[in-house]
Amino acid sequence: MQTTDIGNKEEGKVWHRKPTPSNTGIMVTVIRSAAAYQSKTVRFLHVTFDTTGDSFLAGDHHGNIYVLDITRNRFRLVQKTGQACTALAFNLRRTTEFLVALADYSIKCFDKDTKQLVSWMRGHEGAVSSVSVHGSGRYAISTSADTAQLWDLDTFQRKRKLNVRQSVGIQRVFFLPLGNTILSCFNDDSIFAWESDTLFCKYQLPVPDEGPRIHYKAFAVTRDGKILAAGGRSNLLHLWCLDTRQLLRVVQMPPKVRTVRQLEFLPDSFDGGASQTLGVLSQDGVMRFINIQTCKLLFNIGSHDDAITSATVSPNGRHIVTIMDNGSLNIYSVQCLTQDYNKPPPSLVKVVSGGECSALTMKVKSEGVQRPAKNSGRRVKTKVLRPPAVPMTEDKENELPDGLNKKRLVTLLKAFGEYPAKYRMFVWRSLLRLPENHAAFSSLTDKGLHSAYLSIQERYPIKSQKLQRGLQRVLSALAHWAAIFGETDYLPLMAFPFVKLFQNNPLLCFEVVATTIVNWCQHWFEYFPNPPLNVLSMAENVLAHHDKELLQHLIDCGVTSQLYVWPLLETLFSEYFFHHRNNLDISSVIKETYRLMESTPADIHPRNMLDDFQPLTRGQYPVFNKYPTYIVEYQSQERERIRQQEVDYLRERQAVQELRAKAVQRQAEDEAWYTQQEILQQAEEKRRDILQQEESKLAEQRTRLTAMKRELKVKELQLMDAARRRFLKQQQDQRLTELHRLDEQIQRKMNTRDQETAAAVQDIQVRQMELEAQRRLFEQVSDCPHHNNNVQRPAPETNTISSFTLYSVQHEVKTPHVIGHFNAVQLQYGLVFIHQTVMSPLKYRGLLNNDWRERETDLLPISGSRLKYRGLLNNDWRERETDLLPISGSRLKYRGLLNNDWRERETDLLPISGSRLKYRGLLNNDWRERETDLLPISGSRLKYRGLLNNDWRERETDHLPISGSRLKYRGLLNNDWRERETDLLPISGSRGVFS
């Protein structure tokens, strides 16, 4: 047994060496390994044969559909569906098309030759379990668990739909062969028959009420559509006769069978479709073949270790394909499985001799005895066969196998002229006593096609490929049996009618032709390669006896028996009857033949030249050597030599043709190359001309472009000059405008200064009037004698000058201009007034000597500790430093020395550096810039939140302290003039006296 791994191949051989079936009958095992994992195989799911039985479809789990041709030893990948198939079936009308039921509940029709999708049928809501095709190939039935649908395969449209209750369910719906009946089998074990055209219910098969319920799961019908077998969850099989619609019998399988999974009838070539062998696949994976008449077990396939999942039998009954439990395919040869079964039994003929009865000899012929493939170990019961009381020699000679009688068959033939068409093949099989030597015929066919018939299609073209292959097979078997048949030219014409009649069974065809040649063509080959002169002389003698005038006329015309007898004999009259069937009545010819046979004298009768009928022997075919061997061998050698010379000649001619073709091809290539070179040269010249023209055009364009660039450059310079002049003019205008603005600003400031001077003069005049009034008042007081001693004189002149200097600086009064209007007394009184009313000590609120309160002091911040601000001051936004200290208000108020001008003013200056205020000043004798976390809080007074003297809280103050800092002051404090540090901070509204 050999194993073939098809892997990812798209085509190849099924087996690589000639299969020799083992004792189990397996010819070859086919597996398909996965692409990525060589150790893993892809399971085959379904198999179906075509009508010829020579090839079958196989679908695997990945959705690949293969066609395996057993006769041609080829396999081919015909379709990749991409999903697992659930059922397969061939289209019986268009044999290249097949139906595939897929896992998505749809059915697709493909063409195996073109690999094209023909149609796509949808409608099922569940997985399709089976597809059955009508014998005409026009309709198909698909079955799922809930419905069955009837499809028209011409239009691929759904015609009818069978719906059942969910509680019932459908097991299977299929067509019966050779009829228009549909059988539907349901889950409740009811079986109905329907008319396929009208879908009218014809009948219901009876189911036995007694015994346990079987739950039918498997069904099978014979090829003639007359017997239905059903099985299920039991070891019982029910057989119905569909003609009488009655239950024939109930077959009980062995106890090992508990459930029947599948049933398949094994057809026979001569049973007329009424198969007697039934294959039963049980739950143990073993398929047992039984005879449904005798209920005997014939043979088994499969085992417990190598279990079978499903099986399919070819229509011609030659092969069985099974899907094993491991997913592989096993192809069985039925001939090998039935070899022991078909082996003839030992001879039961006994010769009784001795004594006075030595003259009496009795021959006892046994009828066909069926033997199982294996000996069951039981003792075979023997029967004593006694001769009849009154032996009849004539009856014994007329006895035929299978209970037929030759004399009665001859009587029927003479009475009706032919046998019934239904039993004709069976009758002739019995009359000729065909041995059906399967093994011997297989040994002949295994030698392959004979060299004499390799090109028979050239001499005898036949439209049907099937008939042509069958004719080649039979003729090759005859040529391998006897060498003379490879040299006989007329053998194809003689054998073709039998091939056409037995086209489905080449074994019977071979044996019929061989029997005819051995018995009725005994002397045809004695004068080979010339026509059989003895047979032709015999025909001339018969013609001379019955019609001398016709024979004389033929002789006078020079027409010999080789012209009017031999052409009819070498084709067994088939050439004339098949091509001129309408010109002559065959019945009349047969009657005339019988008359001539009866009226011909015995001395010239053809039967005297022919031996008695001898059927072919069983086991091995007889040796046929009634021909001149040396002539045949010589012709064979000559033919082989001629064939070899022909092969050599053909090989040489093919080589010459190949050389000639190569020379022609090389010449054509050379001519094409030269032509291409000329074309390329012409194209090169044209390209050069075009390039020269383009270069000249490009040079002209460059010249124009240079001129344009020059013009554009001149224009650009002119525009730049004009723009420059316009810009200079604009700047000149702007500067003139700025000068006018500055002149206006200077004029406005001069006007403001004049107004301030006038106002200061008016103030001085008012002060002068006040001083004049005070002077008068003092004069009046001084005139009084009791006040003279109490009047205190003004302070020394230095204080007056200091106060006056402060007043002058603060009010920007031109002192020389004002002094010129007052005398010394008035000036003295005015300075005193200014000192007493204007100059007051600075007010501070802060911590001084651990005492937090509000106090007055003359201390002022010294020059050098300048704060840095960024903001808008006098319409000028920039960063600057100042000694101003902020006072609460809507705008920041500062009081301090700015540009040598001490006064109170408002400004938009704001502290810089974001969340942390940056200060620059003297702190602990360290002059540098530092940051603090104090941030201002909105309000009437500046609020700060931060760390001050290690105390984190919110407080109000007008100063900007640094954590841990002490301000340094220089001035008079408590009549002590010195430089000191203090925590006092100025409060808004305070004014002080400078030292």
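Residues numbered from 1 in each chain as written. Predicted model: local features only at pLDDT ≥ 70, side-chain atom pairs only at ≥ 80, totals over all residues. Heavy atoms only, no water.

- Looking at an unreviewed UniProt entry, the protein chain carries the name TBC1 domain family member 31, with the source organism given as Oncorhynchus mykiss.
- The UniProt entry for the protein chain carries this comment under Function (unreviewed entry): "Molecular adapter which is involved in cilium biogenesis. Part of a functional complex including OFD1 a centriolar protein involved in cilium assembly. Could regulate the cAMP-dependent phosphorylation of OFD1, and its subsequent ubiquitination by PJA2 which ultimately leads to its proteasomal degradation." (UniProt positions renumbered as here; feature names shortened; annotations may be inferred.)

**What about the overall build of the protein chain?**
Turning to step 1, where the next piece is worked out: Broken down by element type, the protein chain carries 20 helices and 45 strands.
Turning to step 2, where the next piece is worked out: Across the 995 residues in the protein chain, those meeting the buried criterion constitute 37%.
Turning to step 3, where the next piece is worked out: Taking the contacts inside the protein chain whose residues are at least 6 apart along the sequence as the reference set, 49% of them involve residues at least 24 apart.
Turning to step 4, where the next piece is worked out: With the model as given, the accessible surface of the protein chain reaches about 60800 Å², and the carbon-plus-sulfur share is 51%. (Helix = DSSP H or I, 4+ residues; strand = E, 2+ residues; numbered from the N terminus. Buried < 20%, exposed > 50% of the residue type's maximum accessible area, 1.4 Å probe, protein only. Contact = heavy atoms within 4.5 Å. Areas by Shrake-Rupley, 256 points an atom, 1.4 Å probe, with all protein chains shown as cover.)

**Some details on the sheet that holds strand β19 (residues 201–204)**
Turning to step 1, where the next piece is worked out: Read across the open sheet, the 4 strands follow the order β16-β17-β18-β19; overall the sheet is antiparallel. The sheet terminates laterally at β16 (170–175) and β19, the two strands that pair on one side only. Shown here is a sheet whose adjacent strand axes are inclined to one another by a mean of 20°, direction ignored.
Turning to step 2, where the next piece is worked out: The pairing of strand β17 (residues 181–186) with strand β18 (residues 191–195) spans 5 bridges and is antiparallel. Residue pairing across strands places Thr 181 opposite Glu 195, the latter belonging to β18. (Pairing = 2+ DSSP bridges. Axes fitted to C-alpha atoms, helices over the stretch in contact; angles between N-to-C directions.)

**Observations regarding the packing of aromatic side chains**
Turning to step 1, where the next piece is worked out: As enumerated under the stated definition, the model contains 22 aromatic pairs in all.
Turning to step 2, where the next piece is worked out: Considering the side-chain rings of Phe 510 and Tyr 621, the 5.2 Å spacing of their centres and the 70° angle between planes classify their relative orientation as edge-to-face. Separated by 111 residues along the polypeptide, Phe 510 in helix α10 (residues 506–520) and Tyr 621 in the loop between α16 (586–599) and α17 (629–783) bring together distant segments of the chain.
Turning to step 3, where the next piece is worked out: With a relative accessible area of 0%, Phe 510 lands in the buried category.
Turning to step 4, where the next piece is worked out: Residue classification places Tyr 621 among the buried residues on the basis of a relative accessible area of 10%.
Turning to step 5, where the next piece is worked out: Through a chain of ring-to-ring contacts, the aromatic side chains of Phe 441, Trp 481, Phe 485, Phe 510, Phe 525, Tyr 621 and Phe 624 assemble into a single cluster.
Turning to step 6, where the next piece is worked out: Over the ring of Trp 120 we find Lys 108; its NZ or CZ atom is 4.2 Å from the centre of that ring. (Phe/Tyr/Trp six-rings, centres within 6.5 Å; stacked < 30°, edge-to-face > 60°. Lys NZ or Arg CZ within 6 Å of the ring centre and 35° of its normal.)

**Looking at the sheet that holds strand β28 (residues 308–313)**
Turning to step 1, where the next piece is worked out: One open sheet holds the 5 strands; their spatial order is β1-β3-β30-β29-β28, and the pairing between them is mixed. Of all strands in the sheet, those with a lone pairing partner are β1 (2–5) and β28, marking the two edges. Neighbour-to-neighbour, the strand axes of this sheet turn through a mean angle of 20°, independent of strand direction.
Turning to step 2, where the next piece is worked out: Here strand β29 (residues 319–324) runs beside strand β30 (residues 329–333); their pairing, made up of 5 bridges, is antiparallel.

**Points about the pairing of strand β7 (residues 74–80)**
Turning to step 1, where the next piece is worked out: Here strand β2 (residues 11–12) runs beside β7; their pairing, made up of 2 bridges, is antiparallel. Opposite Glu 11, over in β7, you have Arg 76 as the bridge partner.
Turning to step 2, where the next piece is worked out: Note: strand β6 (residues 64–69) against β7, 6 bridges, orientation antiparallel. Looking at β7, one finds that Asn 64 is bridged to Lys 80.
Turning to step 3, where the next piece is worked out: Count of turn residues in the β6/β7 antiparallel hairpin: 4 residues, of which Asn 73 carries a positive phi of about 55°.

**Structural notes on the confidence of the model for the protein chain**
Turning to step 1, where the next piece is worked out: When pLDDT is averaged along the protein chain, the result is 76; 70% of the residues meet or exceed 70.
Turning to step 2, where the next piece is worked out: Scored below 50 in pLDDT, residues 353–391 shows 25 contacts in the model against residues more than four places distant or in partner chains.
Turning to step 3, where the next piece is worked out: Counting interchain partners and residues more than four positions distant, the pLDDT-below-50 stretch residues 884–892 has 39 contacts. (pLDDT = per-residue confidence, 0-100.)

**Concerning the nonpolar core**
Turning to step 1, where the next piece is worked out: Residues Leu 478, Trp 481, Phe 485, Phe 525 and Phe 624 are the most contacted members of the largest nonpolar core, which totals 51 residues.
Turning to step 2, where the next piece is worked out: When contributions to this core are tallied by element, the ones reaching two or more residues are α6 (438–445), α8 (465–481), α9 (491–501), α10, α11 (533–546) and α14 (566–569).
Turning to step 3, where the next piece is worked out: With 9 residues, the single largest contributor to this core is α10.
Turning to step 4, where the next piece is worked out: Residues within four places of Trp 481 in sequence aside, it is in contact with Leu 444, Phe 510, Ala 514, Val 518, Tyr 621, Pro 622 and Phe 624.
Turning to step 5, where the next piece is worked out: Core analysis: the next-biggest nonpolar cluster, separate from the first, contains 20 residues, Ile 6, Val 28, Val 47 and Phe 56 among them. (Core = buried A, V, L, I, M, F, W, Y, C linked by side-chain atoms within 4.5 Å.)

**Observations concerning the pattern of salt bridges**
Turning to step 1, where the next piece is worked out: Summed over the entire model, instances satisfying the criterion amount to 22 salt bridges.
Turning to step 2, where the next piece is worked out: Taking the shortest distance from any N to any O, the salt bridge between Arg 741 and Glu 738 comes out at 1.9 Å. Of this pair, Arg 741 and Glu 738 both sit in helix α17, 3 residues apart, which is roughly one turn of that helix.
Turning to step 3, where the next piece is worked out: A relative accessible area of 41% places Arg 741 in the partly exposed class.
Turning to step 4, where the next piece is worked out: Across the pair Arg 775 and Glu 772 runs a salt bridge whose closest N-O atoms are separated by 1.9 Å. (Salt bridge = Lys/Arg side-chain N within 4 Å of Asp/Glu carboxyl O.)

**Points about the packing of α6 against α8**
Turning to step 1, where the next piece is worked out: At a closest axis distance of 8 Å, the pairing of α6 and α8 adopts a crossing angle of 95°. What the angle tells us is that α6 and α8 run roughly perpendicular. On α8, the residues that touch Phe 441, Leu 444 and Thr 445 of α6 are Arg 473, Ala 477, His 480 and Trp 481.
Turning to step 2, where the next piece is worked out: Residue composition of the contact of α6 with α8, grouped by class: 4 nonpolar, 2 polar and 1 charged. (Parallel < 35°, antiparallel > 145°, perpendicular 65-115°, else oblique. Nonpolar A, V, L, I, M, F, W, Y, C, P; charged D, E, K, R; others polar.)

**Observations regarding unusual backbone geometry**
Turning to step 1, where the next piece is worked out: Between Phe 528 and the following residue, Pro 529, the backbone shows a cis peptide bond with an omega angle of 10°.
Turning to step 2, where the next piece is worked out: Positionally, Pro 529 belongs in the loop between α10 and α11.
Turning to step 3, where the next piece is worked out: Its identity as a non-glycine residue notwithstanding, Asp 189 has a phi of 70°, on the positive side.
Turning to step 4, where the next piece is worked out: By the secondary structure assignment, Asp 189 is in the loop between β17 and β18.
Turning to step 5, where the next piece is worked out: Of note, the phi angle at Cys 295 is positive, near 60°, even though the residue is not glycine.

**Remarks on the environment of Ile 456**
Turning to step 1, where the next piece is worked out: Tracing the sequence through the fold places Ile 456 in helix α7 (residues 456–459).
Turning to step 2, where the next piece is worked out: Looking at Ile 456, the relative accessible area reads 1%, which means it is buried.
Turning to step 3, where the next piece is worked out: Excluding residues that lie within four positions of it along the chain, Ile 456 makes contacts with Leu 471, Gln 472, Leu 475 and Pro 492.

**Digging into the side chain of Glu 436**
Turning to step 1, where the next piece is worked out: Tracing the backbone through its elements, the reader meets Glu 436 in the loop between α5 (424–431) and α6.
Turning to step 2, where the next piece is worked out: Within the structure, Glu 436 has its side chain in polar contact with the side chain of Arg 429 (distance 2.4 Å). (Polar contact = N/O pair within 3.5 Å; in protein donor to acceptor, adjacent residues only side chain to side chain.)

**Re the packing of α8 against α10**
Two quantities define a packed helix pair, namely the angle between the axes and the distance from one axis to the other.
Turning to step 1, where the next piece is worked out: As a packed pair, α8 and α10 sit with axes 10 Å apart at the nearest point and diverge in direction by 50°. Judged by the inter-axis angle, α8 sits oblique to α10. For the pair α8 and α10, the crossing hand works out as right-handed. In this structure, α8 uses Arg 473, Val 474, Ala 477, Leu 478 and Trp 481 to contact α10, whose residues at the interface are Pro 506, Cys 509, Phe 510, Val 513, Ala 514 and Val 518.
Turning to step 2, where the next piece is worked out: Looking at side-chain class alone, the contact of α8 with α10 contains 10 nonpolar, no polar and 1 charged residues. (Left-handed = near helix turned anticlockwise from the far one by under 90°.)

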